Amino acid sequence: MCFVVNVCKRFAKEQPKTFVAITHPYCVSLLLVGTVFFFLAEMFYVVPFIFDTGGGMYKLAWLVAIFIVSNILGNELVCYLTDTSVASLPEERRTPKPEEEHLWSYCDECKMKVPPRAWHCKLCKCCALRRDHHCIFTATCIGHNNYRYFFWLQFYLALGSVLFLVSYLLAVAVNKEFRNRYVLVWIIKNVWKRDYDIHVANWNEFLWQNWLLMLNTYAFTFSLLMLPYQLPIFYLNTTFYTGSDCRYNLGLRRNIKLLLGQRGLWTFISPWINSPLPHDGTRWEEAKPLGNINS
Ligand SMILES: [Zn+2]
Ligand SMILES: [Zn+2]
């Protein structure tokens, strides 16, 4: 999602207010409407072609779909509601202790000192703790306090679109009616074999079914493209904009706790699982230089 901000970077820089007024409502609505649309299309159109709607497998499919959608919507909501700005710190932590003072920097926009790894967002008009990037699909900055929700939101968007594609292809494989309306089969039968078994009466269903696949291909590609951006963040404890900077890399296990909280990867279960972060986002332990690693 963040590459969209890169594409629109100039517009966001020059006219932040207009950028926010246009992109936030549009992108958040697109994500929410898209999620509900694919959920309904999956459960009421695609899956009934695979499983008997009265059987156990259909009920299981409902449980899986509800789990994924509730994680998408829940993480989106909590990500938006979780304040990751420097202003979210308790008052006494908004100023550095004497021994930390040299690590803090001054923000000309906020007119205050901010902790290491915090930097200013022109769209939010504040400094965010361990700022990663500004996300227009959650209408907020992603940083120390809400990265966990942003990560699982992306994960479940990708998982949901992958499962939609898998169930679509499964329906093509097991159901003749569905298969005959799949565009590749239709082309092979009508153009190559000249076996015209698609009647005019089926055109609406034919168009709907293939339009659904086209939409999911966009969602699938888009959500999967985002996931590789998260790998260096976990492996190096870096951010979207600091790329391969290893300065704060404390090893995968500790990086995961710093990003997702004490319960680590178990936070996949739900955004409502309590997983306190190891610190408040003001004190960042640096990795030992390679030469001193054994000292
Ligand atoms: Zn600032
Ligand atoms: Zn922001």
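Residues numbered from 1 in each chain as written. Chains lettered and ligands numbered in written order. Predicted model: local features only at pLDDT ≥ 70, side-chain atom pairs only at ≥ 80, totals over all residues. Heavy atoms only, no water.

Comments concerning the environment of Ile256
We apply this condition: For helices the rule is a DSSP run of H or I covering at least 4 residues; for strands it is a run of E covering at least 2, with both sets numbered from the N terminus onward. When a residue's accessible area, from a 1.4 Å probe over protein chains only, is under 20% of the maximum for its type it is buried; when over 50% it is exposed; and in between it is partly exposed.
For Ile256, the position within the fold is in helix α10 (residues 252–260). Given the relative accessible area of 14%, Ile256 is considered buried. Spatially, the C-alpha atoms of Ile256 and Tyr235 are 8.5 Å apart, while their sequence positions differ by 21 residues.

A short note on the coordination of the zinc ion (ligand 2)
We apply this condition: Coordinating donors are taken to be N, O and S atoms lying within 2.8 Å of the metal, or within 3.2 Å when the metal is Na, K or Ca; because water is excluded from the atom set, some sites may appear incomplete. Any site counts as irregular unless it has four donors with all angles between 85 and 135 degrees, making it tetrahedral, or four or six donors with opposite ones more than 155 degrees apart and the rest between 65 and 115, making it square planar or octahedral.
Coordination of the zinc ion (ligand 2) by the protein is provided by Cys121 (SG), Cys124 (SG), His134 (ND1) and Cys141 (SG), with metal-donor distances spanning 2.1 to 2.3 Å. Angles of 98 to 121 degrees at the metal separate the four donor atoms of the zinc ion (ligand 2), which places the site in the tetrahedral class. Given the relative accessible area of 1%, Cys121 is considered buried. His134 sits in the buried class, given a relative accessible area of 2%.

Points about the confidence of the model for the protein chain
Note: predicted coordinates in regions of low pLDDT should not be interpreted at a detailed level. Our working definition: Looking at any residue, its pLDDT shows the predictor's confidence there, from 0 to 100. Contacts are residue-level and defined by heavy atoms, with any inter-residue pair within 4.5 Å sufficient.
Overall, the predicted model of the protein chain reaches an average pLDDT of 89, with 92% of residues at or above 70. The element-level mean pLDDT for the protein chain is lowest in helix α1 (residues 2–7), coming to 60, with helix α4 (residues 56–81) highest at 97. Ignoring residues within four places in sequence, the model shows residues 291–295, a span with pLDDT below 50, making one contact including any to other chains.

Quick notes on a nonpolar patch on the surface
Selection rule: Every patch collects residues that have over 30% relative accessible area and no salt bridge, joining them within 9 Å if they carry like charges and within 5 Å if they are nonpolar side chains (Val, Leu, Ile, Met, Phe, Trp, Tyr). The method behind every accessible area is Shrake-Rupley, applied with a 1.4 Å probe, and residues are considered shielded solely by the protein chains displayed. By salt bridge we mean one thing: a side-chain nitrogen of Lys or Arg within 4 Å of a carboxyl oxygen of Asp or Glu.
Together, Leu32, Val36, Leu40, Phe44 and Leu73 make up a nonpolar patch on the protein surface, roughly 410 Å² of accessible area in all. Top contributing element to the nonpolar patch by residue count: helix α3 (residues 16–46), with four residues. Tracing the chain through its elements places Leu32 in helix α3.

Considerations on the packing of aromatic side chains
Note the cut-off: When the centres of two rings from Phe, Tyr and Trp lie within 6.5 Å, Trp using its six-membered ring, the rings pair. Their planes under 30 degrees apart give stacked, over 60 give edge-to-face, and anything left gives tilted.
Across all of its chains, the model carries 31 aromatic pairs by this definition. Aromatic side chains Phe39 and Trp62 sit 5.6 Å apart centroid to centroid with 85 degrees between the ring planes, which places their arrangement in the edge-to-face category. Of this pair, Phe39 sits in helix α3 while Trp62 sits in helix α4, placing them 23 residues apart in sequence. Measuring from centroid to centroid gives 5.6 Å for Trp119 and Tyr241, while their planes differ by 75 degrees, and the two rings are edge-to-face.

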